[in-house]
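Take a look at the letters that make up each chain.
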Amino acid sequence: MPETMLNSSADRASVDRPKDKQRSRITNGSALLPGVDQRCAWVRRCKDVLAAHLSDIPDPTAAERSIIRRASVLTIELERLEATFALAGQADSETLDLYARTAGNLRRLLEAVGIQRRDARDITPNPLTYE
């Protein structure tokens, strides 16, 4: 038998599990929100942020996934407020207060799942390594 036949995809075990037909589209990850166009900019950005946060936690639990999902939504809404501030060239005190409270809640959610701020890297050049 030729070597290429031995390594064909038909001979290898499937790596991906088939999606459970009894699970909702939200549970299996194919949809973010029910009844919402999954192609809109808000949903796409939220999925991107969610994936980025989930990549920071190896094998997250269902509770961690839930917290990260909420943190992702807060991140998107903070970005929208920042765009409003930038377009207006200023922030009114009520919206700025909302922004600050939301940012604090985001920090607490991220801390709850163990995502912490890192100390800044020391980028001071070492004169002994100059050539």
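Anything mentioned here points back to the structure above.
A brief look at the structure comes next. (Residues numbered from 1 in each chain as written. Predicted model: local features only at pLDDT ≥ 70, side-chain atom pairs only at ≥ 80, totals over all residues. Heavy atoms only, no water.)

Focus on the packing of helix H3 (residues 62-88) against helix H4 (residues 93-112)
Put simply, the rule reads: An axis is simply a line fitted to the C-alpha atoms; with a helix, the fit covers only the stretch in contact. Between two such axes, the angle follows the N-to-C directions and lies from 0 to 180 degrees. Think of it this way: any DSSP run of H or I at least four residues long counts as a helix, any run of E at least two long counts as a strand, and we number them from the N terminus. By definition in this entry, angles of less than 35 degrees are roughly parallel, angles greater than 145 are roughly antiparallel, angles of 65 to 115 are roughly perpendicular, and the rest are oblique. Note: crossing handedness is left-handed where the near helix turns anticlockwise from the far helix by less than a right angle, and right-handed where it turns clockwise. Any two residues having at least one pair of non-hydrogen atoms within 4.5 Å are treated as being in contact. Charged residues are taken to be Asp, Glu, Lys and Arg, nonpolar residues to be Ala, Val, Leu, Ile, Met, Phe, Trp, Tyr, Cys and Pro, and polar residues to be all remaining types, Gly included.
Between H3 and H4, the shortest axis-to-axis distance is 9 Å and the interhelical angle comes to 155 degrees. For the element pair H3 / H4, the angle class is roughly antiparallel. As H3 packs across H4, the resulting crossing turns out to be left-handed. Of the residues in H4, those in contact with Ile67, Arg70, Ala71, Leu74, Thr75, Leu78, Leu81, Glu82 and Phe85 of H3 are Thr95, Leu96, Leu98, Tyr99, Thr102, Ala103, Asn105, Leu106, Leu109, Leu110 and Ala112. Looking at the contact of H3 with H4 residue by residue, the classes come out as 14 nonpolar, four polar and two charged.

Quick look at H4
Which entries qualify depends on this criterion: Here the expected span of a helix is defined as 1.5 Å times the quantity of residues minus one. Only protein chains enter the calculation, and the probe is 1.4 Å; a residue is then buried if its accessible area is under 20% of its type maximum, exposed if over 50%, and partly exposed in between. Pairs of N or O atoms are called polar contacts if they sit within 3.5 Å, as long as, within protein, a hydrogen donor faces a hydrogen acceptor (for residues adjacent in sequence, only side-chain-to-side-chain pairs).
For H4, built from 20 residues, the straight-helix expectation of 28 Å at 1.5 Å per residue is met to within 8% by its first-to-last C-alpha distance of 29 Å. Buried within H4 we find Thr95, Thr102, Gly104, Leu106 and Leu110. Looking at the buried positions of H4, the neighbouring elements they touch are helix H2 (41-55) and H3. A side-chain oxygen of the first residue of H4 lies 3.2 Å from the backbone nitrogen of Glu94; this N-cap is Asp92. Looking one or two residues beyond H4, the residue adopting positive phi is Gly114, at roughly 90 degrees.

Concerning the packing of aromatic side chains
The condition is simple: Within 6.5 Å between ring centres, the rings of Phe, Tyr and Trp (the latter by its six-membered ring) count as paired, and their orientation is classed by plane angle as stacked under 30 degrees, edge-to-face over 60, tilted in between.
This structure, assessed with the given rule, holds one aromatic pair. Here the aromatic rings of Phe85 and Tyr99 are separated by 5.6 Å at their centres, their planes lie at 65 degrees, and the arrangement is edge-to-face. Taken together, the positions of Phe85 in helix H3 and Tyr99 in helix H4 put the pair 14 residues apart, joining distant regions of the chain. Phe85 sits in the buried class, given a relative accessible area of 15%.

Description of unusual backbone geometry
Positive phi is not limited to glycine here, since Asp59 has a value of about 50 degrees. Checked against the element boundaries, Asp59 lands in the loop between H2 and H3.

Brief notes about the side chain of Thr102
Its place among the elements puts Thr102 in helix H4. In this structure Thr102 comes out as buried when scored by relative accessible area, which is 13%. Not counting residues within four places of it along the chain, the set of residues in contact with Thr102 comprises Leu74 and Leu78.

The values reported here are purely geometric and, on their own, carry no functional implication.
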